[in-house]
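Take a look at the letters that make up each chain.
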Amino acid sequence: MAVTQQVVVAPRTLTSTPETGSDVVKVNGITRSFGKIEAVRGISFTITRGEIFGLLGPNGAGKSTTINMIATYLRPSSGSISVLGLDTVRQAQQVKERIGVVPQEIALYNDLTAIENLNFFAQMYDLGEPMIQKRAKELLDLMGLYERRNDAVKTYSGGMKRRLNIAVGLMNNPDLLLLDEPTVGVDPQSREAIFENIEGLKKNGLTILYTTQYMEEAERLCDHIAIIDEGKVVAIGTLEQLLALRTTQVEVQRPRGLAEVFLQLTGKQLRDN
Amino acid sequence: MSDTATIAGKELRSYFTSPVAYVLTAAFLVLNGIFFAGQAIGSSTATMDGMFRTIPVLMLLLAPILSMRLIAEEQRSGTLELLLTSPVSDAAVVVGKYLAVLILYIVMLLFTLFYGLLLQLYAGSQGGPIWGPILSSYFGALLLGGTFLAIGVFTSSLTDNPAVGAFIAVAITLALWLAGNFQSVFQGAFGTFLNQIAITDRYYNNLMVGVVALKDVIYYLSLIVIFLFMAIQSLGSRRWR
Ligand SMILES: Nc1ncnc2c1ncn2[C@@H]1O[C@H](COP(=O)(O)OP(=O)(O)OP(=O)(O)O)[C@@H](O)[C@H]1O
Ligand SMILES: [Mg+2]
């Protein structure tokens, strides 16, 4: 599939939000329990403007719980989060205006077409009809869905649904995009297209939080990576800093990159049981 | 406000593009028609009472079926997360959904005006139907059905399983319907209270016979507000549950 890199995110200037400086997200010691389950047990990190920040962790590590708290969808049990200088609990409404959310599970109306899905969600923001139409067209082009824009979503492949969900998350031209495992269940072509889109968005200055279980995705895309396991950050830094952990802490014959660091830090036992 | 309209519009569209709404409307009209005709022909009077007596029973089942998917389906499809992380308020989501199903119900009721028209046409020589009680009955059917639908919207917000939501809605509605029967079991204030909340009494005893009392209207509107308020709370509660 041909991927055209268009400017769909308005280029940002660093002075556009003077209240925040360069920190777009500040997570301060958040915890979250579901009944007796402690899904997140004290996570802190900072995401700076224009970077792709990766949350890397095995099943059940607490990635989605963390991203959902940043998205205002869940409240932290303790700790606090600020997005663009706004508190995600007390100023949730303003935070919502400025973020784009792509949930882990496909979240679309199957009976509606791509255009109808985009229009419906975009109408929740104060964009105005001409802007909605313009952005819908741009994003459908960008995601390679324009030809199929009038087909019901239920006729789409997994990869197409995924790309449409990302388009939905971009309709309001957000300052922060939250992507929760956006490559699960898509074929290699779609995955490559999604990577190139994300890289294009970053080039235009968008700040992105990206969760994944795949080391190679984090290696390719992310400027900073937090490896989390059992609700805690076990390592955080740039790719180089994390790779340095490997050479100092593990005896290795053959360098295998981030995968090795990941398994060393999170252990090898299965997580999904 | 425009968010509410957008949500109501989407919901109405999905009603009218699926066969379910047509099948249920047809069933509503046929069943009402049978009871209407039975009463009017059997008693040889120009009355729609047969139909208006039936509507609460039909709506006991129909209201949960019409409303069960409204919020449950958003949870199941994951789209609720997108709605709740967009600037739309929880209230706009709930009220938008409620308006959609209420409008569908009003359309169903409007179709039954045809039966009234039949009376006017064919019983005109004997004076025709008395429209006062018929109109107050319609008003009552709107209030009572509107209350049942608000209950359905609330229970739809409790679960991502539409059938479970519908089941709870029937249970709540029946409990309110039969509350008055337990008046004698609980003496005193609580017994009086049970009698006051009996959900169909005001419809059968007052509105259906042409008595439109403000306190009855306020009673139904209060129940609608209470159940929609609880639906809004239930949506909001998923942030900290
Ligand atoms: N709504 C919920 N109710 C109860 N437990 C939950 C809920 N959401 C998450 N959990 C639990 O919290 C823990 C962390 O879940 P979370 O979804 O955040 O992990 P994750 O890192 O996103 O995993 P995955 O890679 O499988 O998506 C898990 O043990 C999960 O079972
Ligand atoms: Mg997850």
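Residues numbered from 1 in each chain as written. Chains lettered and ligands numbered in written order. Predicted model: local features only at pLDDT ≥ 70, side-chain atom pairs only at ≥ 80, totals over all residues. Heavy atoms only, no water.

Before we move on, could you go through the sheet that holds strand β5 (residues 86–87) of chain A and cite the residues and values that matter?
Remark on secondary structure: sheet strands pair via backbone hydrogen bonds, oriented parallel or antiparallel. All names here are of chain A. Pairing in this open sheet of four strands is antiparallel, and the strands run β2-β1-β4-β5 from one edge to the other. Of all the strands in the sheet, the pair left with one neighbour each is β2 (37–48) and β5. Here two bridges tie strand β4 (residues 78–83) to β5, and the two strands are oriented antiparallel to one another. Bridge assignment links Val83 to a residue of β5, and that residue is Leu86. (Pairing = 2+ DSSP bridges. Helix = DSSP H or I, 4+ residues; strand = E, 2+ residues; numbered from the N terminus.)

Tell me about the packing of aromatic side chains, and please be specific about residues and values.
Taken as a whole and assessed by the stated rule, the structure comprises 14 aromatic pairs over all chains. Between B:Phe52 and B:Tyr138, the ring centres sit 5.0 Å apart and the planes meet at 90°, which makes this aromatic pair edge-to-face. Here B:Phe52, found in helix α3 (residues 49–67), pairs with B:Tyr138, found in helix α7 (residues 131–156); they are 86 residues apart in sequence, far enough to count as distant. The ring centre of A:Tyr109 lies 4.0 Å from the NZ or CZ of B:Lys10, which sits over that ring. Lying over the aromatic face of B:Tyr219, B:Arg202 brings its terminal NZ or CZ to 4.1 Å of the ring centre. (Phe/Tyr/Trp six-rings, centres within 6.5 Å; stacked < 30°, edge-to-face > 60°. Lys NZ or Arg CZ within 6 Å of the ring centre and 35° of its normal.)

Residues and numbers for the interface of chain B and chain A, please.
Counting from both sides, the interface comprises 21 residues of chain B and, opposite them, 26 residues of chain A. For the pairing of chain B and chain A, the buried interface totals around 2300 Å² over both sides, and the portion due to carbon and sulfur atoms is 60%. If you sort the residues of chain B by the area they bury against chain A, B:Leu82, B:Pro87 and B:Arg239 come out on top, with a joint share of 28%. The interface formed by chain B and chain A holds one salt bridge in total. For B:Arg13, the salt bridge is made with A:Glu116, and the minimal N-O distance between the two is 2.9 Å. One can count seven residue pairs in polar contact (both at pLDDT 80 or more) joining chain B with chain A. Within the residue set of the side of chain B that touches chain A, elements represented by two or more residues are α1 (2–17), α4 (69–77) and α5 (79–84) of chain B. (Contact = heavy atoms within 4.5 Å. Buried area = accessible area lost by both parts, 1.4 Å probe. Salt bridge = Lys/Arg side-chain N within 4 Å of Asp/Glu carboxyl O. Polar contact = N/O pair within 3.5 Å; in protein donor to acceptor, adjacent residues only side chain to side chain.)

Explain a nonpolar patch on the surface to me, and be specific about the residues and the numbers.
Residue and element names in this part refer to chain B. Judged by side-chain polarity, Leu174, Leu178, Phe182, Val185, Phe186, Phe190 and Phe193 come together as a nonpolar surface patch covering roughly 640 Å² of accessible area. Mapped by element, the contributors of at least two residues to the nonpolar patch are α8 (162–178) and α9 (188–197). For Phe190, a relative accessible area of 43% puts it in the partly exposed group. (Patch = residues over 30% accessible without salt bridge, like charges linked within 9 Å, V, L, I, M, F, W, Y side chains within 5 Å. Areas by Shrake-Rupley, 256 points an atom, 1.4 Å probe, with all protein chains shown as cover. Buried < 20%, exposed > 50% of the residue type's maximum accessible area, 1.4 Å probe, protein only.)

Pulling in residues and values, what's your account of the coordination of the magnesium ion (ligand 2)?
Protein ligation of the magnesium ion (ligand 2) involves A:Ser64 (OG) and A:Gln104 (OE1), the donor distances falling in the range 1.9 to 2.0 Å. Separated by 40 residues along the polypeptide, A:Ser64 in helix α1 (residues 63–70) and A:Gln104 in the loop between β6 (99–102) and α3 (114–122) bring together distant segments of the chain. (Donors = N, O, S within 2.8 Å, 3.2 Å for Na, K, Ca; no water.)

Tell me about empty space enclosed by the protein, residues and numbers included.
As enumerated under the stated definition, the model contains two cavities of 30 Å³ or more in all. Only β6 and α5 (158–170) of chain A provide two or more residues apiece to the lining of the largest cavity. Looking at the lining of the largest cavity element by element, the count peaks at three residues for β6(A). Its residues assigned to classes, the lining of the largest cavity shows six nonpolar, five polar and no charged. Volume-wise, the second largest cavity comes out at about 30 Å³. In terms of lining, the second largest cavity is formed by A:Ile67, A:Asn68, A:Ala71, A:Val101, A:Val102, A:Pro103, A:Leu178, A:Asp180 and B:Glu81. (1 Å grid on protein atoms, 1.4 Å probe; cavity = no way out; pocket = protein on both sides within 12 Å on 5 of 7 lines; lining within 4 Å. Points joined across faces, edges and corners; volume = space filled by probe spheres on them. Nonpolar A, V, L, I, M, F, W, Y, C, P; charged D, E, K, R; others polar.)

Describe the side chain of A:Thr212, with residues and values.
Residues and elements named next belong to chain A. Summarising the element assignment, Thr212 is placed in strand β8 (residues 207–212). The exposure class of Thr212 is buried, given its relative accessible area of 2%. In terms of polar contacts, Thr212 uses its side chain to reach the backbone amide nitrogen of Tyr214, at 2.8 Å. Residues within four places of Thr212 in sequence aside, it is in contact with Leu55, Leu56, Gly57, Lys63, Glu181, Glu217 and Ala218.

Tell me what's going on with the confidence of the model for chain B, and back it up with residues and numbers.
Per-residue pLDDT for chain B has a mean of 92; in total, 98% of the residues score no lower than 70. Listed scores for the predicted complex are pTM 0.90 and ipTM 0.89. (pLDDT = per-residue confidence, 0-100.)

Go over the site of ligand 1 with me, naming the residues and quoting the values.
Residues and elements named next belong to chain A. Gly60, Lys63, Ser64, Thr65 and Gln104 are the nearest of the 14 residues found near ligand 1. Separating an oxygen atom of ligand 1 from a backbone N or O atom of Ala61 is a distance of 3.1 Å. Between ligand 1 and Lys63, the relevant distance is 2.8 Å, taken from an oxygen atom to a side-chain nitrogen or oxygen of the residue. Taking 630 Å² as the accessible area of ligand 1 by itself, protein coverage stands at 63%. Elements supplying a minimum of two residues to the shell around ligand 1: β2 and α1. (Near = heavy atom within 4 Å.)

Give a detailed account of the side chain of B:Thr54, specifying residues and quantitative values.
Residues and elements named next belong to chain B. By the element assignment, Thr54 lies in helix α3. The exposure class of Thr54 is buried, given its relative accessible area of 8%. There is a polar contact of 2.6 Å between the side chain of Thr54 and the backbone oxygen of Gly50.

An account of the pairing of strand β9 (residues 224–229) of chain A is needed here, citing residue identities and associated values.
All names here are of chain A. Most of β9 sits inside the fold, with five of its six residues counted as buried. The pairing of strand β3 (residues 52–56) with β9 spans four bridges and is parallel. Looking at the pairing, Leu56 lines up with Ile227 of β9. One ladder, built from six bridges, connects β9 with strand β10 (residues 232–238); its direction is antiparallel. Opposite Asp229, over in β10, you have Lys232 as the bridge partner. The loop that links β9 with its antiparallel partner β10 comprises two residues; one of these, Glu230, has a positive phi angle of about 50°.

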